[in-house]
Amino acid sequence: MFGAIREHSRHCASRWLAPLSMCLLATSSPAEPATGLTVRVAAVQCYSRMGEPEHNRQLLTSLIEQAASNAARIVVLPECAITGYMDPASQIIWTTNATPSSGELPIGRYAEPIPGPATEHFGGVSKRLAIYLCIALAEKADGRFFNSQVLLTPEGKIAAHHRKRSLWAPGDGLWVSEGDRPLQVVETLYGRLGLMICHDVHLLPERLGKAKADIVLYSVGWYGPNTENWYKTIFPRKYVVPNGFSIIVSNWSADQDSSGWPGHGYSCVIDRQGRVLSMAKSQKGAEIVYADLPTRIGLKESL
């Protein structure tokens, strides 16, 4: 199975270099809080364990608290960070089969409704820390499963709920239904925030631009080569600058004891001019990437 995934990735890399995610550390100085013209944002990069949501929840809560203590007011988690997405290093994948084969986990045992336990817990976290928090998890609804994001407000409420629309077959094909919710762009204290997951990069950037998103919250689980060049050069030039938004990219990382796989790391914050303001320095374990982005007020002041 994983040999097929690696071969599929090599074949596709020259076409689109599909993104994915799980992630966390600090590459820009978090010493001072943002002004009224800017907002401190954070991309969490970490390794989530497959089928261990309680461990993941504790890890992510600690990282979110760290980001907030360093003045971040918008925090983004990697793709399916609460549930786990896939793990080529351990050769574990999700399945909808009630009786899984070796190397498979039944997604129905771990996916959650929205609202549900994850939104209740992390809604409490976002309220306690007074932040906008973008979480990512496997969702179950009406007998189907979705790769989902939820934006939680400083009041702990659900502001936006996105289901991945453009599916990547090796990671999503065995369990994910195509997202059926409209484009998610919401007004906030800091401007219009939009949601996007990994392979949605091939479908949603232009739509997010037309919806006048100021900052896109991008939960990723990349799998493939050329990751650094993708995020430093290709991605900003092709998807960020033409659509006029800044973006917070939260990608997964490898476990400290794992040799990893192509595609982990390089979480970053990119402004609307395509400048990479900060980028993760590590590819294993946890790291938080910080940057200050213009708010709606800041954008008006710059005109």
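Residues numbered from 1 in each chain as written. Predicted model: local features only at pLDDT ≥ 70, side-chain atom pairs only at ≥ 80, totals over all residues. Heavy atoms only, no water.

Draft legend 1. Region of interest: the overall build of the chain. Along its length, the chain carries seven helices and 14 strands. For the chain, the exposed area adds up to about 11800 Å²; of that, 49% sits on carbon and sulfur atoms. (Helix = DSSP H or I, 4+ residues; strand = E, 2+ residues; numbered from the N terminus. Areas by Shrake-Rupley, 256 points an atom, 1.4 Å probe, with all protein chains shown as cover.)

Draft legend 2. Highlighting the pattern of salt bridges. Scanning the entire structure with this criterion turns up 14 salt bridges. Residue Arg192 is joined to Glu187 by a salt bridge in which the shortest nitrogen-to-oxygen separation is 3.1 Å. Judged by its relative accessible area of 52%, Glu187 falls in the exposed class. One connected set of salt bridges, linked through shared partners, spans Glu139, Arg144, Arg163 and Asp180. (Salt bridge = Lys/Arg side-chain N within 4 Å of Asp/Glu carboxyl O. Buried < 20%, exposed > 50% of the residue type's maximum accessible area, 1.4 Å probe, protein only.)

Draft legend 3. Here's a closer look at the sheet that holds strand 9 (residues 191-197). Taken in spatial order, the six strands of this open sheet run 8-9-10-11-12-13, and their pairing is mixed. Both edges of this open sheet fall to strand 8 (185-188) and strand 13 (276-279), since each of them pairs with a single strand only. Sheet twist, expressed as the average angle between the axes of neighbouring strands with direction ignored, equals 20 degrees. Note that strand 12 (residues 268-270) and strand 13 share three bridges and pair antiparallel. Pairing of Val269 across the sheet is with Ser278, part of strand 13. Along the sheet face, helix 6 (residues 227-240) touches strand 10 (215-219), strand 11 (246-250), strand 12 and strand 13 and points at about 40 degrees away from the line of strand 12. (Pairing = 2+ DSSP bridges. Axes fitted to C-alpha atoms, helices over the stretch in contact; angles between N-to-C directions. Contact = heavy atoms within 4.5 Å.)

Draft legend 4. View of the sheet that holds strand 5 (residues 132-141). Sheet architecture is open: six strands sit in the order 7-6-5-2-1-14, paired in mixed fashion. In the strand order of this sheet, the two ends are held by strand 7 (158-163) and strand 14 (287-294), each with one partner. Here the average twist between neighbouring strands, direction ignored, is 25 degrees. Alignment of strand 6 (residues 144-152) against strand 7, held across five bridges, turns out to be antiparallel. Within strand 7, the position partnered with Ser148 by the bridge is Arg163. Sheet strands in contact with helix 2 (residues 53-69) are strand 1 (38-45), strand 2 (74-76), strand 5 and strand 14, and its direction is about 40 degrees off that of strand 14. Seen against the sheet, helix 3 (residues 117-129) touches strand 5, strand 6 and strand 7 and runs at an angle of roughly 175 degrees to strand 5.

Draft legend 5. Representation of unusual backbone geometry in the model. Put simply, Ile114 and Pro115 share a cis peptide bond, and its omega is 0 degrees. With respect to the element layout, Pro115 can be found in the loop between strand 4 (104-106) and helix 3. Here Cys80, not a glycine, exhibits a phi torsion of approximately 50 degrees, which is positive. If you trace the backbone, Cys80 turns up in the loop between strand 2 and strand 3 (93-95).

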